[in-house]
Amino acid sequence: MDSEIFYKSALELEKLLDSGKLTSVELTKAVIERTKSIDDKLNAFISFDEKKTINEATQSDVRRKAGKKLSNLDGIPVAIKDLISERGQPLTCGSKILRGYVSPYDATVIERMRNAGCVLWGRLNMDEFAMGSSNENSYYGKVANPWDISRVPGGSSGGSAAAVASGETILALGSDTGGSIRQPAAFCGIVGLKPTYGAVSRYGLVAFASSLDQIGPMGRSVGDVAALFHIISGHDDKDSSSYPVDKTNHTLESIKNKKTKTIGIPTEYFGEGLDPEVRQSVENAIDFYEKAGHRIKEVQLTTTKYTMAVYYVIATAEASSNLARFDGIRYGYRSENAKDAIDIYYKTRGEGFGSEVKRRIMLGTYVLSNENFESYYLRAQKVRTLIRNDFMGAFENVDALISPVAPSTAFKIGEKSADPLQMYLSDIYTISTNLAGLCALSFPCGLSHDGLPIGLHVIGKPFHEHEILSLGYEFEQSHDFKNIHPAI
Ligand code: GLN
């Protein structure tokens, strides 16, 4: 058996499994061994249940032998960001406040992956409650970037990105509220899809900011990400914001189908603060698309300057309300020092939440308070509509937009942790996608002089994932980033 089986794509592995040259148990064991041998350096996993995982792989092998394969990802290990509920497994959200909590039910995405025969692998580290851009905010320790362990993997799905990039899993699920799938995907040199709001059910996802959150797939190739998206997407009765998407569009066959597109380049996304090497790689990618026959058109998104402010009002407002449920009574951790019921709330929340989460709860409570509601929250909602209109205006003339994913490559651990505003700027190019309810793909388009991955951001119209996947696939076919791995 190939010694680096864990670096193959899911779709290549499917062929090996079908031919009988490989079993899901062998593959799953290879991934588990890989994790055991390197994860003390990366800390990408918070927990895993080896026996349960191998058992699922065994069942997949039995099914396949009987000719009852459930999908093209049957038997493929998928690791899960630790904020998506899987029945019987711990769920921490990277927080002390959920220490000891075990999910009593499956999220819809988990149920769909089970029905597709995916092997549900371990629970991935993340910034506490998905708040962060560096994975330095986890109660379970920082995650390191496999390309350079002195650097951050990005956040908040940093565990997901590090695990995929280093072969600790074949695929992973992340979540994206303002960039948390795309920015870590860029920092770790992998592919990440932030689906359109409503394309994937949020049932069983622990809410951070409900009007922005989406679960999405992360993998080492565009085809793999499309295959997992195909499985998890679609309407769900348990999430009234979910939408009946046209699934026929997400197959590899349909994304291979190349059509000439008009691609918009937003002027505002190439201004001050963008690292010159990142800019160069993105411009090279734009040249590639132009040479391939697509039309390139400069567009203006004049509301870009409001994005950050609007996001940090809306996201914190929703977070402060969503996180009120962690009271020490219903879930996980409870302070042992409390003297009465009220004191339980105070002490549990005081001891259980980390400082970034507390900062957001305070900010959110402030903008929702009686005196401030109109001038902050309500105004932010209005500007959010302007941001959406700005994008929809641009999409009247273009099929997709291209920008950098993040202003820089992966930064050093500790470099930005003392300055929250600097940290927040890591998501300057990704946040508006969530505010406007669009879809976006991040995939590798270059390496910096010091060998760090650079990501390309392709933003699509609502429910047009197939178009951005198709552009990603086209780029991937002429570049070899999916076969370049970190030396860990
Ligand atoms: N980094 C952003 C934040 O801290 C986005 C997080 C996310 O997408 N979950 O809020």
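Our structure's up above, just so we're on the same page.
The written sequence of each chain sets the order in which its residues are numbered from 1. Per-residue local features are limited, in this predicted model, to residues with pLDDT of at least 70; the limit for side-chain atom pairs, both in listing and counting, is 80 or more; totals at the level of whole chains, interfaces and linings are taken over all residues. Values shown for side chains rest on all heavy atoms present in the structure; no hydrogens or waters enter the calculation.

Before going further, it helps to spend a moment on the overall build of the protein chain. For helices the rule is a DSSP run of H or I covering at least 4 residues; for strands it is a run of E covering at least 2, with both sets numbered from the N terminus onward. Summing up its helical and strand segments, the protein chain has 16 helices and 11 strands in all. As defined in this context, the radius of gyration uses C-alpha atoms, and a globule is described by 2.2 Å times the residue total to the power 0.38. A globule of 488 residues ought to have a C-alpha radius of gyration of about 23 Å, and the protein chain, at 21 Å, matches this closely. The C-alpha extent of the protein chain, read off along each of the three principal axes, is 65 × 55 × 45 Å. A total of 488 residues make up the protein chain; the buried ones form 62% of that total. Put simply, the protein chain shows about 18300 Å² of open surface, and 51% of that area lies on carbon and sulfur atoms. None of His or the chain ends enter the tally, which takes Lys and Arg as positive and Asp and Glu as negative. To locate a charge, take atom NZ for lysine, CZ for arginine, CG for aspartate or CD for glutamate. The protein chain carries 55 positive and 60 negative side-chain charges, and their two centres are separated by 3 Å. Throughout, exposure labels follow a simple rule: accessible area from a 1.4 Å probe, protein chains only, divided by the maximum for the residue type, with under 20% read as buried, over 50% as exposed, and the rest as partly exposed. Working definition of accessibility: Shrake-Rupley area with a 1.4 Å probe, residue cover restricted to the visible protein chains.

The next subject is the site of the ligand. The local shell around the ligand holds 15 residues, among which Thr177, Gly178, Ser180, Tyr311 and Asp427 are the closest. For the ligand, the protein covers 100% of the area, taking 290 Å² as the surface of the free molecule. Taken together, the residues of the shell around the ligand sort by class into five nonpolar, seven polar and three charged. Summary of the distance rule: residues count as near a molecule or strand when at least one heavy atom falls within 4 Å of that molecule or strand. Three residue categories are used. Nonpolar comprises Ala, Val, Leu, Ile, Met, Phe, Trp, Tyr, Cys and Pro, charged comprises Asp, Glu, Lys and Arg, and polar comprises the others, including Gly.

The next point concerns the packing of helix α12 (residues 355–368) against helix α13 (residues 373–394). Under this scheme, a helix contributes an axis fitted over its contacting stretch, all axes are lines through C-alpha atoms, and angles between N-to-C directions fall in the 0 to 180 degree range. The N-to-C vectors of α12 and α13 enclose an angle of 105 degrees; their axes lie 7 Å apart at closest approach. Regarding the angle of α12 to α13, the classification is roughly perpendicular. Touching Tyr366, Val367 and Leu368 of α12 are Phe373, Tyr376 and Tyr377, all from α13. Orientation is classified from the angle alone, with under 35 degrees giving roughly parallel, over 145 giving roughly antiparallel, 65 to 115 giving roughly perpendicular, and any other angle giving oblique. Here, residues are in contact when the closest pair of their heavy atoms is within 4.5 Å.

Here the focus is the packing of helix α9 (residues 276–291) against helix α16 (residues 465–478). Contact geometry for α9 and α16: axes closest at 11 Å, N-to-C directions at 100 degrees. Relative to α16, α9 is oriented roughly perpendicular. Of the residues in α16, those touching α9 at Ala285, Phe288 and Tyr289 are Leu471, Gly472, Glu474, Phe475 and Ser478. In terms of residue class, the contact of α9 with α16 is built from five nonpolar, two polar and one charged.

Let us now look at the sheet that holds strand β9 (residues 400–404). Within a sheet, adjacent strands bond to each other through the backbone by hydrogen bonds, running parallel or antiparallel. The sheet built from 11 strands is open, its strands ordered β1-β3-β2-β4-β6-β5-β10-β11-β9-β7-β8 with mixed pairing. At either margin of the open sheet sits one strand with a lone partner, and together these are β1 (45–47) and β8 (295–299). Here the strands of the sheet are splayed against their neighbours by 35 degrees on average, with no regard to which way each runs. Any two strands with at least two DSSP-identified bridges between them are counted as paired.

This part takes up the pairing of strand β2 (residues 77–81). Successive side chains on a regular strand alternate, one facing one side of the sheet and the next facing the other. Burial within β2 is extensive, with five of its five residues counted as buried. In terms of strand pairing, β2 meets strand β3 (residues 119–124) through four bridges, oriented parallel. Bridge pairing in β3 links Ile80 to Arg123. With respect to chirality, the unit in which β2 leads through helix α4 (residues 108–115) into the neighbouring parallel β3 is right-handed. Judged from the three bridges that link them, β2 and strand β4 (residues 171–176) form a sheet pairing that is parallel. Across the sheet, Ala79 pairs through a bridge with Ala172, a residue of β4. When the strands point away from the viewer and the connection leading from the first strand across the helix to the second strand turns clockwise, the crossover is called right-handed.

Another aspect to go through is the pattern of salt bridges. Every case where a carboxyl oxygen of Asp or Glu lies within 4 Å of a side-chain nitrogen of Lys or Arg is listed as a salt bridge. Evaluation of the coordinates by the stated rule reveals 24 salt bridges. Where Glu86 meets Arg123, a salt bridge forms, and the shortest distance between an N and an O atom there is 3.9 Å. Taken together, the residues Glu86 in the loop between β2 and α4 and Arg123 in strand β3 connect sequence positions 37 residues apart. Look at Arg123 and you get buried, because its relative accessible area is 1%. A salt bridge links Glu111 to Lys238; the shortest N-O distance between them is 3.7 Å. With Glu111 in helix α4 and Lys238 in the loop between α7 (222–232) and α8 (252–256), this residue pair connects regions lying 127 residues apart in the sequence. Of the residues examined, Glu111 reaches a relative accessible area of 34% and is grouped as partly exposed. Each of Lys52, Glu56, Asp82, Glu86, Arg87, Asp106, Arg114 and Arg123 takes part in salt bridges that share partners, so that together they form one network.

It is worth spelling out the environment of Phe395 at this point. The topology assignment puts Phe395 in the loop between α13 and β9. For Phe395, a relative accessible area of 6% corresponds to the buried category. Once you skip the residues sitting within four places of it in the chain, Phe395 turns out to touch Ala400, Leu401, Leu438, Ile459, Gly460 and Lys461.

Turning our eyes to something else, we now look at the packing of aromatic side chains. Pairing of aromatic side chains requires ring centres within 6.5 Å, counting the rings of Phe and Tyr and the six-membered ring of Trp. Pairs whose planes differ by under 30 degrees are stacked, by over 60 edge-to-face, and all others tilted. Scanning all chains against the criterion turns up 21 aromatic pairs. Look at Phe129 and Phe326: their rings are 5.0 Å apart centre to centre, the planes differ by 45 degrees, and that puts the pair in the tilted class. Of the two residues, Phe129 is situated in the loop between β3 and α5 (158–165) and Phe326 in the loop between α10 (307–322) and α11 (341–352); the sequence distance between them amounts to 197 residues. Its relative accessible area of 2% is what places Phe129 among the buried residues. Given a relative accessible area of 4%, Phe326 falls into the buried group. For the pair Tyr312 and Tyr424, a centre-to-centre distance of 4.0 Å together with 10 degrees between the ring planes defines the contact as stacked. Taken together, the residues span a long stretch of sequence, with Tyr312 in helix α10 and Tyr424 in helix α14 (residues 420–424) at a distance of 112 residues. Tyr312 gets classed as buried once you look at its relative accessible area, which sits at 9%. One aromatic cluster is present, built from ring pairs that chain together Tyr101, Phe129, Phe326, Tyr331 and Phe353. Positioned over the ring face of Phe411 is Lys416, at 4.5 Å from the centre of the ring. Charge over a ring is defined by NZ of Lys or CZ of Arg lying within 6 Å of the ring centre and within 35 degrees of the ring normal.

Here the focus is the pairing of β8. Where strand β7 (residues 262–266) and β8 come together, five bridges link them in parallel fashion. Across the sheet, Ile263 pairs through a bridge with Ile296, a residue of β8. Between β7 and its parallel partner β8, the chain crosses via α9, and the hand of that crossover is right-handed.

Moving on to the nonpolar core. Of all hydrophobic cores here, the largest spans 146 residues; its most connected members are Ile84, Met113, Phe129 and Phe391. No other element matches α10, which puts nine residues into this core. With residues up to four places along the chain from it excluded, the contact list for Ile84 reads Leu91, Ala107, Val109, Ile110, Arg123, Leu173, Gly174, Gly204, Leu205 and Ile215. Throughout this description, the term nonpolar core refers to a set of buried Ala, Val, Leu, Ile, Met, Phe, Trp, Tyr and Cys residues connected via side-chain atoms within 4.5 Å.

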